Amino acid sequence: NAGVTQTPKFQVLKTGQSMTLQCAQDMNHEYMSWYRQDPGMGLRLIHYSVGAGITDQGEVPNGYNVSRSTTEDFPLRLLSAAPSQTSVYFCASSFQGSLNTEAFFGQGTRLTVV
Amino acid sequence: AQKITQTQPGMFVQEKEAVTLDCTYDTSDPSYGLFWYKQPSSGEMIFLIYQGSYDQQNATEGRYSLNFQKARKSANLVISASQLGDSAMYFCAMREGGNNDMRFGAGTRLTVKP
């Protein structure tokens, strides 16, 4: 099983450029989320989705956009990249409404904005 | 407000010795789950162990055990017989009942010395 697949693995952007980070899962999980990881701050929730057509904001949503047209895919869009968005991004998925199930993570995307 | 606190940015342990990584949490929800993840230098997030708020016994998984002290709101990870491969970042996370979000602490970097 592929699990959670993120692309690309690395990306360099210029300030003001836009891009989409792709995330796909093949475990039929309803819940998907995006985190960013910064040194000393752990993982912070950007956006999440509880199913196709439903998305909501997490702790740090500004500058990011998401959509969920299918159960499998949950892309994250940077509308106008800023150096403050330099980070490692993780997509995660899990079964919804189940307290004890682990979240499965993608391999991460290391994004640098210059 | 920070809900998960990991007060040890870095820890060192001698190979074959045991080590405890601290985690305290804050919630008013009586139903919650606590998770520990390992992140090696390769970057992936690896699920290690889970403890539910209603679990009567401390969770164990091989060399990993969770010292769960509910009244103190602490969920410390104990790694027995440390191995060089245990060198990694370790994250404590919590999911509250009725909420799919998983919130993370800042992490502890563990280094195992030969």
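Here the structure is a predicted model, which is why all the values come from computation and not from measurement. (Residues numbered from 1 in each chain as written. Chains lettered and ligands numbered in written order. Predicted model: local features only at pLDDT ≥ 70, side-chain atom pairs only at ≥ 80, totals over all residues. Heavy atoms only, no water.)

Peer 1: Explanation requested: the overall build of chain A in the structure shown.
Peer 2: A count of helices and strands for chain A gives 0 helices and 11 strands. Listed N to C, the secondary structure of chain A is β-β-β-β-β-β-β-β-β-β-β in terms of helices and strands. Since a compact globule built from 114 residues should have a radius of gyration of about 13 Å, the 13 Å found for chain A is in line with a globular shape. Based on the C-alpha atoms only, the size of chain A along its principal axes is roughly 40 × 30 × 25 Å. The buried share among the 114 residues of chain A stands at 46%. The long-range fraction of contacts in chain A, counting pairs at least 24 apart against all pairs at least 6 apart in sequence, stands at 53%. (Helix = DSSP H or I, 4+ residues; strand = E, 2+ residues; numbered from the N terminus. Rg over C-alpha atoms; globule rule 2.2 N^0.38 Å. Buried < 20%, exposed > 50% of the residue type's maximum accessible area, 1.4 Å probe, protein only. Contact = heavy atoms within 4.5 Å.)

Peer 1: How should I be thinking about the nonpolar core in this particular structure?
Peer 2: It is characteristic of soluble globular proteins that their nonpolar side chains tend to be buried jointly. Membership of the largest hydrophobic core comes to 24 residues, with the highest contact counts inside it found for Tyr25, Trp36, Ile49, Leu77, Tyr90 and Leu110 of chain B. Taken together, the elements giving at least two residues each to this core come down to β3 (19–21), β5 (32–39), β6 (46–52), β8 (64–69), β9 (74–79), β10 (88–96) and β12 (108–113) of chain B. It is β10 of chain B that provides the largest number of residues to this core, a total of 4 residues. Non-local contacts of Leu110 of chain B, meaning those with residues more than four positions away in its chain, are made with Met11, Val13, Val19, Leu21, Ile79, Asp86, Ser87, Ala88 and Tyr90 of chain B. Of all hydrophobic cores here, the second largest spans 19 residues; its members include Tyr31, Tyr35, Leu45 and Tyr48 of chain A. (Core = buried A, V, L, I, M, F, W, Y, C linked by side-chain atoms within 4.5 Å.)

Peer 1: Help me understand the sheet that holds strand β8 (residues 76–78) of chain A in this model?
Peer 2: Strand pairing in a sheet relies on backbone hydrogen bonds, with the paired strands running either antiparallel or parallel. Residues and elements named next belong to chain A. Pairing is antiparallel in the open sheet, where 4 strands are placed in the order β1-β3-β8-β7. Every interior strand has two partners, whereas the edge strands, β1 (4–7) and β7 (64–66), have only one. Averaged over all pairs of adjacent strands, the angle between strand axes in this sheet comes to 20°, irrespective of strand direction. Here strand β3 (residues 19–25) runs beside β8; their pairing, made up of 3 bridges, is antiparallel. Across the sheet, the residue bridging to Leu21 is Leu76, located in β8. (Pairing = 2+ DSSP bridges. Axes fitted to C-alpha atoms, helices over the stretch in contact; angles between N-to-C directions.)

Peer 1: In this structure, what is going on with the interface of chain B and chain A? I would like to understand it.
Peer 2: Interface size, as often reported, equals the accessible area lost upon joining of the parts. Contact with chain B, which involves 22 residues of that partner, is made by 24 residues of chain A. For the chain B and chain A pair, buried surface summed over both sides reaches about 1800 Å², with 54% attributable to carbon and sulfur atoms. Where chain B meets chain A, there are 1 salt bridge. There are 7 residue pairs in polar contact (both at pLDDT 80 or more) connecting chain B and chain A. Mapped onto the side of chain B that touches chain A, the elements with two or more residues apiece are β5, β6, β10 and β11 (103–104) of chain B. Ranked by residue count, the leading element in the side of chain B that touches chain A is β5 of chain B, at 5 residues. The residue makeup of the side of chain B that touches chain A, split by class, is 10 nonpolar, 7 polar and 5 charged. (Buried area = accessible area lost by both parts, 1.4 Å probe. Salt bridge = Lys/Arg side-chain N within 4 Å of Asp/Glu carboxyl O. Polar contact = N/O pair within 3.5 Å; in protein donor to acceptor, adjacent residues only side chain to side chain. Nonpolar A, V, L, I, M, F, W, Y, C, P; charged D, E, K, R; others polar.)

Peer 1: Would you mind showing me how to read the side chain of Thr108 of chain B here?
Peer 2: Relative to the helices and strands, Thr108 of chain B resides in strand β12. Leave out the neighbours within four places in its chain, and Thr108 of chain B touches Gln6, Gln8, Pro9, Gly10, Met11, Leu21, Ala88, Met89 and Tyr90 of chain B.

Peer 1: Please clarify how the state of the cysteines should be interpreted in this entry.
Peer 2: Should the sulfur atoms of two cysteines be covalently bonded, the bond is a disulfide. Residues and elements named next belong to chain A. In the structure shown here, the tally under the stated rule is 2 disulfides over all chains. What pairs with Cys23 in a disulfide is Cys91, and their sulfur atoms sit 1.8 Å apart. Between Cys23 and Cys91, the S-S torsion sits near -70°, and that sign places the bridge as left-handed. Placement of Cys23 in strand β3 and of Cys91 in strand β9 (residues 87–94) is noted, with a sequence separation of 68 residues between them. Taking relative accessible area as the criterion, Cys23 reaches 2% and is therefore assigned buried. (Disulfide = S-S within 2.5 Å.)

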